[in-house]
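# Chain and residue survey
Listed below, chain by chain, are the residues.
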Amino acid sequence: MRLDKYLKVSRLIKRRTVANEACDNGRVSVNGRPVRASYAVRAGDVIEIQIGQRTTRVEVLSVAEHVGKGEAAAMYREV
């Protein structure tokens, strides 16, 4: 699954366009490297998101195309 879509489906970022812009501006890195929105997310990846002064680090536990609101938090764990 594409990184921008994963960020939206897991509800780490509210909209896919915002996730795409964050990737383009270098505010999202995976495993310590800045990546593009087209990066293929896999279980075990560590995603770091910088929005404003806040930095969020999460580890990908699962990748799913469609999940409900209650199941979205189970897709990752904060590091």
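Residue positions are counted from 1 within each chain, in the order its sequence is given. Local features in this predicted model are restricted to residues whose pLDDT is 70 or higher, and side-chain atom pairs enter the listing and the counts only when it is 80 or higher, whereas totals over whole chains, interfaces and linings include all residues. The basis for every side-chain value is the complete set of heavy atoms in the structure, and neither hydrogens nor water enter the calculation.

## So, the pairing of strand β4 (residues 54-60)
Taken together, the six bridges between strand β3 (residues 46-51) and β4 define a ladder with antiparallel strand orientation. Across the sheet, Ile-47 pairs through a bridge with Val-58, a residue of β4. Whether two strands pair depends on DSSP finding at least two bridges between them. Runs of E in the DSSP output that reach at least two residues are strands. Runs of H or I that reach at least four are helices, and both are numbered from the N terminus.

## Let's talk about the nonpolar core
Side-chain atoms within 4.5 Å are what join buried Ala, Val, Leu, Ile, Met, Phe, Trp, Tyr and Cys residues into a set we call a nonpolar core. Buried residues are those whose accessible area, probed at 1.4 Å on protein chains only, stays under 20% of the maximum for their type, while exposed residues exceed 50% and partly exposed ones sit between those limits. Core analysis: the largest hydrophobic core is formed by 21 residues, its most contacted members being Leu-3, Tyr-6, Leu-7, Val-28 and Ile-47. The element best represented in this core is helix α1 (residues 3-9), accounting for four residues.

## Regarding the side chain of Glu-59
By secondary structure assignment, the location of Glu-59 is in strand β4. Polar side-chain contacts of Glu-59 include one of 2.4 Å to the side chain of Arg-77. For Glu-59, the residues in contact, after removing those within four places along its chain, are Gly-44, Asp-45, Val-46, Met-75, Tyr-76, Arg-77 and Val-79. Counted as a polar contact is a pair of N or O atoms within 3.5 Å, where, for protein atoms, one must be capable of donating a hydrogen and the other of accepting one, and residues adjacent in sequence contribute only when both atoms are in side chains. Contacts are assigned to residue pairs with any non-hydrogen atoms lying within 4.5 Å of each other.

## Remarks on the side chain of Thr-56
Position of Thr-56 among the secondary structure elements: in strand β4. Residue class for Thr-56 comes out buried when judged on its relative accessible area of 16%. Those residues within four positions of Thr-56 in sequence are excluded, and the remaining contacts are Ile-47, Glu-48 and Ile-49.

## Structural notes on the sheet that holds strand β1 (residues 28-30)
One open sheet accounts for five strands, arranged β2-β1-β3-β4-β5; its pairing is antiparallel. If you trace the sheet from one side to the other, it starts and ends with β2 (33-34) and β5 (76-78), each paired once. Summarising the sheet, β1 and β3 pair through three bridges and their orientation is antiparallel. Bridging from a neighbouring strand, Ser-29 pairs with Glu-48 of β3.

## Considerations on the pattern of salt bridges
Throughout this description, the term salt bridge denotes a Lys or Arg side-chain nitrogen within 4 Å of a carboxyl oxygen of Asp or Glu. All told, the structure shown has four salt bridges when counted by the stated rule. The residue Glu-65 makes a salt bridge to Lys-5 at a minimum N-O spacing of 2.7 Å. Of this pair, Glu-65 sits in the loop between β4 and β5 while Lys-5 is found in helix α1, placing the two residues 60 residues apart along the sequence. What makes Lys-5 partly exposed here is its relative accessible area of 24%. Its salt-bridge partner being Arg-77, residue Glu-59 comes within 2.4 Å of it at the nearest N-O pair. One end of the pair, Glu-59, is in strand β4; the other, Arg-77, is in strand β5, and 18 residues separate them in sequence. Among the charged side chains, a network of salt bridges with common partners joins Arg-2, Asp-4 and Arg-16.

Spatial relationships are all this shows, so hold off on functional conclusions.
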